[in-house]
Amino acid sequence: MPAIIAEMEIVVPDEFEYLYAPDKNREILKVPNPVLRQKVLAPVKLNKKTQALIDDMIRFMKQANGVGLAAPQVGALQRLCVIAPMDMKPTALINPRIVKKDGEEVGVEGCLSIPGLYGEVIRAAYVVVEAEDRRGRELTYELEGMHARVAQHEIDHLDGVLFTDIVDLTTLHWAHPDGEPNRAE
Ligand code: NI
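Notes on the structure follow. Every value quoted in this text rests on a predicted model; they were computed, and no experiment measured them. (Residues numbered from 1 in each chain as written. Predicted model: local features only at pLDDT ≥ 70, side-chain atom pairs only at ≥ 80, totals over all residues. Heavy atoms only, no water.)

## So, the environment of Pro85
Item 1. You can see Pro85 is positioned in the loop between strand S2 (80-83) and strand S3 (91-102).
Item 2. Counting along the chain gives 56 residues from Pro85 to Tyr141, while the straight-line C-alpha distance between them is 14 Å.
Item 3. Non-local contacts of Pro85, meaning those with residues more than four positions away in its chain, are made with Val67, Met146, His147 and Val150. (Helix = DSSP H or I, 4+ residues; strand = E, 2+ residues; numbered from the N terminus. Contact = heavy atoms within 4.5 Å.)

## Brief notes about the sheet that holds strand S4 (residues 105-109)
Item 1. Read from one edge of the open sheet, three strands run S4-S5-S8, paired in antiparallel fashion. In this open sheet, the two strands that pair with only one neighbour each are S4 and strand S8 (173-174).
Item 2. Looking at chain direction, strand S5 (residues 117-123) and S8 are connected through two bridges and run antiparallel. Bridge pairing links Leu117 to Trp174 in S8.
Item 3. Each of S4 and S5 touches helix H2 (residues 145-158); the most contacted strand, S4, lies at about 65° to it. (Pairing = 2+ DSSP bridges. Axes fitted to C-alpha atoms, helices over the stretch in contact; angles between N-to-C directions.)

## Things to note about the coordination of the nickel ion
Item 1. For the nickel ion, every protein donor is listed as Cys111 (SG), His153 (NE2) and His157 (NE2), and the spread of their distances is 2.1 to 2.3 Å.
Item 2. Binding-site remark: the nickel ion is held by donors from one chain whose sequence spacing is C-x41-H-x3-H. Residue His153 and its partner His157 are located together in helix H2, separated by four residues, close to a single helical turn. With respect to burial, His153 and His157 carry one shared label: buried. (Donors = N, O, S within 2.8 Å, 3.2 Å for Na, K, Ca; no water. Buried < 20%, exposed > 50% of the residue type's maximum accessible area, 1.4 Å probe, protein only.)

## Observations regarding the nonpolar core
Item 1. If you look at the biggest cluster of nonpolar residues, it comprises 19 residues, and the most contacted ones within it are Met57, Leu69, Val74, Leu80 and Val82.
Item 2. Residue assignment for this core shows that the elements contributing at least two residues are helix H1 (48-63), S2 and S3.
Item 3. Excluding residues that lie within four positions of it along the chain, Met57 makes contacts with Leu69, Ala70, Ala71, Val74, Leu80, Cys81 and Val82.
Item 4. Ranked by size, the runner-up nonpolar core spans 18 residues in total, among them Ala124, Tyr141, Met146 and Leu158. (Core = buried A, V, L, I, M, F, W, Y, C linked by side-chain atoms within 4.5 Å.)

Dropping the structure here:
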């Protein structure tokens, strides 16, 4: 896996500033909000507030046509994320840990917190994730391809890591979100 490079300054071109306007998708924090760079340390203790947070996150993710969303992206410093790549129904991963990684795969990623910016990221092709579900049950997920990619991207958010930290810089490009198929957020 590539090393984390120095945090780059993301300069939003004029043409894409509409994606960062405060009246659009204001539920989801955008760069350079410093909350996105905080590493979340304390494990989540499930309660009614957590359940409401998960419901909100699933709603915001769907509204934004995303395939995943991490709690820090909505300003909640909690070690949880939701993922819903392709056919998968929205699944909350609470206190997720990647316990096994295998293989490498290149794929295009974007991020709801950096709308309009895309680039290729090398990720493990296969991961085993242990996490609690929203009922507090300890589950193990074996994820491949796009599913594995989305889980790794979202779990990175819990450590304050954005895809732009590990992207292949030669592939980084701006595009309007509606025109970018098969993206991982
Ligand atoms: Ni993201």
